[in-house]
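# Tertiary structure, described
Spelled out, the chains give:
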Amino acid sequence: MTMTVAMVMLCTMMVHANVKPQKDFNPQKFAGKWYRVGLAYDSPSFVPYRSQIKASVGIVTPLPNGNVNLTMWEATPFGCQSQKYQYERTSVPGQFTYFSTRHNMVKDITVVETNYTDYAVVLKHKVFNREYTQVALYGRALSVRPEVIQKFKAFALSRGLPRESNSYACCCPYSR
Ligand SMILES: *[C@@H]1O[C@H](CO)[C@@H](O)[C@H](O)[C@H]1NC(C)=O
Ligand SMILES: *[C@@H]1O[C@H](CO)[C@@H](O)[C@H](O)[C@H]1NC(C)=O
């Protein structure tokens, strides 16, 4: 199965004022399996690898203390690899921090909008010399409705990420 996703990038600095998380964010309802079906990214170094990006699948596990565990599987040139992340709650529901071992820095993650049953738009960012930004679209299924993709693209554009689309192949460990 293939799908259309948006993946965009930009090498300028960005401002992240006033990004509010999903109102009344509910981690319990957010639990379970999500496919990452779209990605908007600002890192110039990301460009050469763009065509290798595959759809990822993740399992979200809310913990009793309000933190969230995430296990992500990603197809890489070396095969399907799983990664575990621990997101720590902040005082704002829907906003988390985590330590990225890949980039060796603490990042913020905000669940900008979700309706739990279909889609989630998630923003990752970090101010560190330059702004580092990623907007991801997650779906409960491999395809999401066109309105949801429009919503995602509009949000990415509002963050200063230009439009570009790409197709991902699905999706280890659920390969076609
Ligand atoms: C969450 O992740 C941490 C670190 O990987 C692990 O020790 C813990 O058992 C996990 N908790 C659950 C409920 O999966
Ligand atoms: C979530 O969004 C989808 C697609 O827009 C819609 O069909 C569905 O009814 C929504 N679910 C809830 C609980 O609002």
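Residues numbered from 1 in each chain as written. Chains lettered and ligands numbered in written order. Predicted model: local features only at pLDDT ≥ 70, side-chain atom pairs only at ≥ 80, totals over all residues. Heavy atoms only, no water.

- Going by an unreviewed UniProt entry, the chain carries the name Prostaglandin D2 synthase a and comes from Amphilophus citrinellus.
- Annotation of the chain in UniProt includes, under Sequence similarities (unreviewed entry), the sentence "Belongs to the calycin superfamily. Lipocalin family." (UniProt positions renumbered as here; feature names shortened; annotations may be inferred.)

## What to know about the overall build of the chain
- In terms of helices and strands, the chain carries two helices and ten strands.
- Along the chain, from the amino end to the carboxyl end, the secondary structure elements read β-α-β-β-β-β-β-β-β-β-α-β.
- Out of the 176 residues belonging to the chain, those deemed buried represent 47%.
- In the chain, once contacts between residues fewer than 6 apart in sequence are set aside, the share between residues at least 24 apart is 60%.
- Only carbon and sulfur atoms are counted for the fraction: they give 53% of the accessible area of the chain, which is about 9,300 Å². (Helix = DSSP H or I, 4+ residues; strand = E, 2+ residues; numbered from the N terminus. Buried < 20%, exposed > 50% of the residue type's maximum accessible area, 1.4 Å probe, protein only. Contact = heavy atoms within 4.5 Å. Areas by Shrake-Rupley, 256 points an atom, 1.4 Å probe, with all protein chains shown as cover.)

## A word on the nonpolar core
- The biggest cluster of nonpolar side chains holds 20 residues, and the ones touching the most others in it are Phe30, Tyr87 and Tyr138.
- At the level of elements, strand E2 (32-41), strand E4 (68-76), strand E5 (79-89), strand E6 (95-100), strand E7 (105-114), strand E8 (119-128) and strand E9 (130-139) are the ones that each hand at least two residues to this core.
- With near-sequence residues (within four places) excluded, Tyr87 lies in contact with Asn67, Val68, Leu70, Phe96, Thr97, Tyr98 and Ile109.
- Of all hydrophobic cores here, the second largest spans 19 residues; its members include Tyr35, Ala40, Leu123 and Ala156. (Core = buried A, V, L, I, M, F, W, Y, C linked by side-chain atoms within 4.5 Å.)

## Observations regarding the site of ligand 2
- In the vicinity of ligand 2, the residues found are Asn115, Thr117, Asp118, Tyr119 and Arg145.
- Between an oxygen atom of ligand 2 and a side-chain N or O atom of Asn115, the distance comes to 2.2 Å.
- Here Arg145 contributes a side-chain N or O atom positioned 3.3 Å from an oxygen atom of ligand 2.
- Summarising the interface, the protein chains cover 52% of the accessible area of ligand 2, which totals 360 Å² for the free molecule.
- Of the residues contributing to the shell around ligand 2, the split by class is one nonpolar, two polar and two charged. (Near = heavy atom within 4 Å. Polar contact = N/O pair within 3.5 Å; in protein donor to acceptor, adjacent residues only side chain to side chain. Nonpolar A, V, L, I, M, F, W, Y, C, P; charged D, E, K, R; others polar.)

## Focus: the side chain of Gln134
- With respect to the helices and strands, Gln134 occurs in strand E9.
- Judged by relative accessible area, Gln134 falls into the buried class, the value being 5%.

## Concerning the side chain of Thr71
- Locating Thr71 in the fold gives a position in strand E4.
- What Thr71 contacts, discounting residues up to four positions off in sequence, is Val57, Gly58, Ile59, Ser82, Gln83 and Lys84.

## Some words on the site of ligand 1
- Near ligand 1 the following residues occur: Leu63, Asn69 and Gln86.
- Take Asn69: an N or O atom from its side chain is 2.3 Å from an oxygen atom of ligand 1.
- Expressed as a share of its isolated accessible area of 360 Å², the protein-covered part of ligand 1 is 38%.

## Re the packing of aromatic side chains
- This model, assessed by the stated rule, comprises eight aromatic pairs.
- Centre to centre, the rings of Phe25 and Phe96 are 6.1 Å apart; their planes meet at 80°, and the pair counts as edge-to-face. You can see Phe25 sitting in the loop between strand E1 (2-8) and helix H1 (27-30) and its partner Phe96 sitting in strand E6, a full 71 residues away along the chain.
- Residue classification places Phe25 among the buried positions, given a relative accessible area of 8%.
- Centroid distance Tyr85 to Tyr98: 6.0 Å. Interplanar angle 90°. Geometry classified as edge-to-face. In this pair, Tyr85 is assigned in strand E5 and Tyr98 in strand E6, connecting sequence segments 13 residues apart. (Phe/Tyr/Trp six-rings, centres within 6.5 Å; stacked < 30°, edge-to-face > 60°.)

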